[in-house]
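# Residue-level structural notes
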Amino acid sequence: MQRILQERRENWNGKGKYKEPASAKIVDLPQLPEGWTWTTVQQLNPADRPCAYGVLQPGPTVPGGIPIVRVGNINDGKVDQIDLKLISPKIAAQYPRTKLQGGEVAISLVGAIGRTAVIPQTLAGANTARAVGIMPITKAVNPHWVEIWFRNPRKIAEMTSKSHEVARKTLNLEDVRVAVVALPPKAEQERIVAEVERGLSVVEEMELLLGTNFQRTGALHRSILERAFTDPKSRE
């Protein structure tokens, strides 16, 4: 974590004096395994790419335009690219902070709170709708770990509890910026991500076999994600 923060300071080339990102308030947080640390999303952002909202008014569909990721395109940690809306390049250009590079974590902020996905490299150059927040992640951290952390049912419940009702439930991006993330060493991030993805791939195969029996597979999804955040000793 110290190395990540040091690199963040050294890479600062914005306007004004560098401001340290918000750190995790660990008073009420559980003790982590050796080598892990509590951090915030803001600490994991590159210095020049903070969390950001997407396009406010995308306008009509434009053939050959810029794809935007909407809440309905995010499901089970992935972006469904089949039905992406295409908008005017001029409108998309007005939102450079959410111009996608690939590897960011997207989170739904309106309606269905807390849906997440890692933006694939194939969507580099695309943008997002206002209802989708973008969390750029430093290259020192596996974005799939951060996405899995937020897809954990307990974290979804936490973020939903912070939302407020307007016409629909809405989560402020500031609550995402200061949200805490348990950060294991990089090698352990990779191992846990691989374990979760392996378990979820089995569930997806079962979904195809079971057809309409989604209640059972939904419970398996939740149990696999919850297991990823139990004491690592319980997995040995």
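Okay, so let's go over this structure. (Residues numbered from 1 in each chain as written. Predicted model: local features only at pLDDT ≥ 70, side-chain atom pairs only at ≥ 80, totals over all residues. Heavy atoms only, no water.)

## A short note on the pattern of salt bridges
For the structure on display, the rule yields 7 salt bridges. A salt bridge links Glu 174 to Arg 177; the shortest N-O distance between them is 3.1 Å. Residue Glu 174 and its partner Arg 177 are located together in helix α6 (residues 173-177), separated by 3 residues, close to a single helical turn. By relative accessible area, Arg 177 is classed as buried at 18%. (Salt bridge = Lys/Arg side-chain N within 4 Å of Asp/Glu carboxyl O. Helix = DSSP H or I, 4+ residues; strand = E, 2+ residues; numbered from the N terminus. Buried < 20%, exposed > 50% of the residue type's maximum accessible area, 1.4 Å probe, protein only.)

## Considering the packing of aromatic side chains
In total, this model carries 4 aromatic pairs according to the counting rule given. When the ring of Trp 12 is compared with that of Tyr 18, the centres are 5.8 Å apart and the planes differ by 65°; the resulting orientation is edge-to-face. A residue is classified by how much of its surface remains accessible, and Trp 12, at 29% relative accessible area, is partly exposed. The exposure class assigned to Tyr 18 is buried, which follows from its relative accessible area of 18%. Counting every residue linked through ring pairs, the aromatic cluster contains Trp 36, Trp 38, Trp 145 and Trp 149. Sitting over the ring of Phe 150, Lys 155 keeps its end group 5.7 Å from the ring centre. (Phe/Tyr/Trp six-rings, centres within 6.5 Å; stacked < 30°, edge-to-face > 60°. Lys NZ or Arg CZ within 6 Å of the ring centre and 35° of its normal.)

## Things to note about the sheet that holds strand β2 (residues 66-69)
Ordered in space as β5-β2-β8, the 3 strands form an open sheet in which the pairing is mixed. In this open sheet, the two strands that pair with only one neighbour each are β5 (85-87) and β8 (127-128). Where β2 and β8 come together, 2 bridges link them in parallel fashion. From the neighbouring strand, Ile 68 faces β8, where its bridge partner is Asn 127. (Pairing = 2+ DSSP bridges.)

## Points about the nonpolar core
Side chains of nonpolar character tend, in soluble globular proteins, to be buried together. One finds Met 135, Trp 145 and Phe 150 to be the most contacted residues of the largest nonpolar core, which totals 54 residues. Every residue in contact with Met 135, bar those within four places of it in the chain, is listed here: Val 41, Asn 45, Cys 51, Glu 104, Val 105, Ile 107, Phe 150 and Val 176. Counting residues in each nonpolar core, the second largest holds 6 residues, with Val 55, Ile 68, Ile 87 and Tyr 95 among its members. (Core = buried A, V, L, I, M, F, W, Y, C linked by side-chain atoms within 4.5 Å. Contact = heavy atoms within 4.5 Å.)

## Some points on helix α1 (residues 2-10)
Note on helix geometry: an α-helix contains 3.6 residues per turn, so any two residues three or four positions apart are oriented the same way. Buried residues of α1: Ile 4, Leu 5 and Arg 8, and no others. Each buried residue of α1 lies within a common arc of 95° when the element is viewed along its axis, so the set occupies one face. Away from its buried face by more than 90 degrees, α1 exposes Gln 2, Arg 3 and Glu 10. Where the residues of α1 are buried, they touch α2 (41-44) and β12 (180-183). (Arc of directions from axis to C-beta.)

## Comments concerning the environment of Val 193
For Val 193, the position within the fold is in helix α7 (residues 186-210). Setting aside its immediate chain neighbours within four residues, Val 193 contacts Asn 142, His 144, Trp 145 and Ile 148.

## Examining the side chain of Thr 116
For Thr 116, the position within the fold is in strand β7 (residues 116-118). Exposure remark for Thr 116: the relative accessible area of 2% places this residue in the buried category. Setting aside chain neighbours within four positions, we find Thr 116 in contact with Ile 74, Gly 77, Lys 78, Ala 106, Ile 107, Glu 147, Phe 150 and Arg 151.

## Some points on helix α4 (residues 143-151)
Counting buried residues along α4, 8 of its 9 residues qualify, which places the element largely inside the surrounding structure. Every buried residue of α4 is accounted for by Pro 143, Trp 145, Val 146, Glu 147, Ile 148, Trp 149, Phe 150 and Arg 151. Capping the start of α4, Asn 142 holds a side-chain oxygen 2.8 Å from the backbone nitrogen of His 144, two or three residues further along. (Polar contact = N/O pair within 3.5 Å; in protein donor to acceptor, adjacent residues only side chain to side chain.)

## As for the pairing of strand β6 (residues 105-108)
Burial of the side chains of β6 extends over both faces: Val 105 and Ile 107 are buried on one face and Ala 106 and Ser 108 on the other. The pairing of β6 with β7 spans 3 bridges and is antiparallel. Paired with Ala 106 across the strands is Ala 117, a residue of β7. Relative to strand β9 (residues 132-135), β6 runs antiparallel, the two being bridged by 4 bridges.

## Let's talk about the environment of Lys 139
Looking at the secondary structure, you find Lys 139 in the loop between β9 and α4. Judged by relative accessible area, Lys 139 falls into the exposed class, the value being 81%. With 95 residues separating them in the primary sequence, Lys 139 and Leu 44 have C-alpha atoms 9.1 Å apart.

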